[in-house]
Amino acid sequence: MKVLLVGNGGREHALARALVRTSTTESPVELIVQAGNPGIDPLGEALVFDPLNPEVVADIARSRSVDLVVVGPEAPLVAGVADAVRAAGIACFGPDKAAAQLEASKSFAKDVMNEAGVATARSFTCTTMEQVEAAFTDLGAPHVVKDDALAAGKGVVVTTDCEVARAHAASCLSRPGGAVVIEDYLDGPEVSLFCLSDGSTVVPLVPAQDFKRLLDDGQGPNTGGMGAYTPLPWMPEGLIDEVVADVALPTITRMAQRGTPFIGLLYCGLALTSRGTRVVEFNVRFGDPETQVVLERLDSPLAPLLYAAATGTLAHLETPRWSPDAAVTVVMASAGYPGALSTGKTITGIDAAERIDGVHVIHAGTRLLVESADEDGGLPGGDQEAARLVNSGGRVVDVTARAASIDAARDAVYQAVGAIHFEGAQYRSDIGTWPDHLGA
């Protein structure tokens, strides 16, 4: 199967690695990837293209006789890449522009959940600060303030400080057409459950937990995610079946009834509250960094799963097979993240980290910086040109380990983290520990 993978961040490196790792002689995979990620580029034919231009992506898929396009990030989906690919007669894993509103608009997602009878937090969609103040008064603290639009996982503020909440709301409303969702605080541990959908059938993957706060013990600002682990030994028995029956299937059914069938991956962000399971948010693509650990446990081929979702044949496919092993990933981020970043710092130690049993390193925000020799004699070793790996984004590498237990995977992953160095690196030291499941 020839697959075009759109996107070149950490999630896409995890997807590319899983597509290659689970490829078999019966289900061989030939990858075409979006160039620019030093971890992804060697895994397939690397092409430079604009992922937000639907016609460009469709033209590449058509000219290369691609069987399946897999869209990693949310922004190309919201831009209509899946629409253009399907219009070209090519299977695409990812929702069209209309269905992608489940992530692009928090208020749209709330409407769909309410129509489908899906339990979620009570909320208000606000377009003025007067409405925001009324919502604060009605709901009380802690204040949960969500940018209605896409915000790369960093549009949510949860705080007991009304001034902080007010400032975030004002920032969201400051953009043309800006809106903000104010909602009830949901207590209890959070779980991420990915569900594949072909528009009618739902196939759940294994659950994981994401650690969203920057600092240990769930402190500091929200980020795109600082680490994840799976399985979740503390998770209630039967939760996956409950979520499929009460959350994913009703949502998929309602989307079809609206005339916007959902094809791709529905990311169910859940809170296990004292009042029962509640949806925190929906995303319309694989989560990052949960993808890194979920796919690490996949023991059956990934490409046929994604193709079945894209072609309406999930009901006829064999159930995915999962390893009983555990997987833990730790994000190493740039100095300043999630604010102003310090980039261009040399990264060393990845080779040493990957020599540790069960460890591999996902590139999330790295690039190769090519240095040319000067007039006086070149570079060390006599090379005329050399490249060094530097950090180029907020989340730099996702160090991932798979082992027989969570404790063994944690030991391996932190040994590997200790081998990797770049100036200003920051990471959490408590990924995969139980306290964070009480409300990361």
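Up top is the structure these notes are about.
Residues numbered from 1 in each chain as written. Predicted model: local features only at pLDDT ≥ 70, side-chain atom pairs only at ≥ 80, totals over all residues. Heavy atoms only, no water.

Visitor: Just checking my understanding: could you explain helix 2 (residues 54–63) for this structure?
Guide: Every α-helical turn comprises 3.6 residues, leaving residues that sit three or four positions apart pointing alike. The complete set of buried residues in helix 2 reads P54, V57, A58, I60 and A61. Looking down the long axis of helix 2, one finds its buried residues gathered within 160° of arc, a one-sided arrangement. The secondary structure elements touched by the buried residues of helix 2 are strand 1 (2–6), strand 3 (45–47), strand 4 (68–71), helix 3 (74–79) and helix 4 (81–87). Backbone geometry just after helix 2 places S65 at a positive phi near 50°. (Buried < 20%, exposed > 50% of the residue type's maximum accessible area, 1.4 Å probe, protein only. Helix = DSSP H or I, 4+ residues; strand = E, 2+ residues; numbered from the N terminus. Arc of directions from axis to C-beta. Contact = heavy atoms within 4.5 Å.)

Visitor: Would you mind showing me how to read the sheet that holds strand 2 (residues 30–34) here?
Guide: Paired through backbone hydrogen bonds, the strands of a sheet run either parallel or antiparallel to each other. Spatially, 3-2-1-4-5 is the arrangement adopted by the 5 strands of the open sheet, whose pairing is parallel. Strands at the two margins of the open sheet, each flanked by one partner only, are strand 3 and strand 5 (91–93). Sheet twist, expressed as the average angle between the axes of neighbouring strands with direction ignored, equals 20°. Each of strand 1 and strand 2 is contacted by helix 1 (residues 10–21), which is oriented at about 165° to strand 1, the strand it contacts most. Here helix 2 sits on the sheet in contact with strand 1, strand 3 and strand 4, set at roughly 165° to strand 1. (Pairing = 2+ DSSP bridges. Axes fitted to C-alpha atoms, helices over the stretch in contact; angles between N-to-C directions.)

Visitor: Sorry, what's going on with the packing of helix 1 against helix 11 (residues 302–311) here?
Guide: Two quantities define a packed helix pair, namely the angle between the axes and the distance from one axis to the other. Contact pair helix 1 / helix 11: the axes reach a minimum separation of 7 Å and the direction vectors enclose 110°. Considering the angle they form, helix 1 stands roughly perpendicular to helix 11. Residues L15, A18 and L19 of helix 1 form the contact with helix 11, whose own contacting residues are L302, A303 and L306. Residue composition of the contact of helix 1 with helix 11, by class: 6 nonpolar, no polar and no charged. (Parallel < 35°, antiparallel > 145°, perpendicular 65-115°, else oblique. Nonpolar A, V, L, I, M, F, W, Y, C, P; charged D, E, K, R; others polar.)

Visitor: Just checking my understanding: could you explain the side chain of R285 for this structure?
Guide: Along the chain, the position of R285 falls in the loop between strand 17 (276–283) and helix 10 (290–294). The buried category is assigned to R285, whose relative accessible area is 10%. One polar contact links R285 to E74, side chain to side chain, over a distance of 3.2 Å. Ignoring any residue separated from it by four or fewer positions in sequence, one finds R285 in contact with R11, G72, P73, E74, L77, E103, L265 and Y267. (Polar contact = N/O pair within 3.5 Å; in protein donor to acceptor, adjacent residues only side chain to side chain.)

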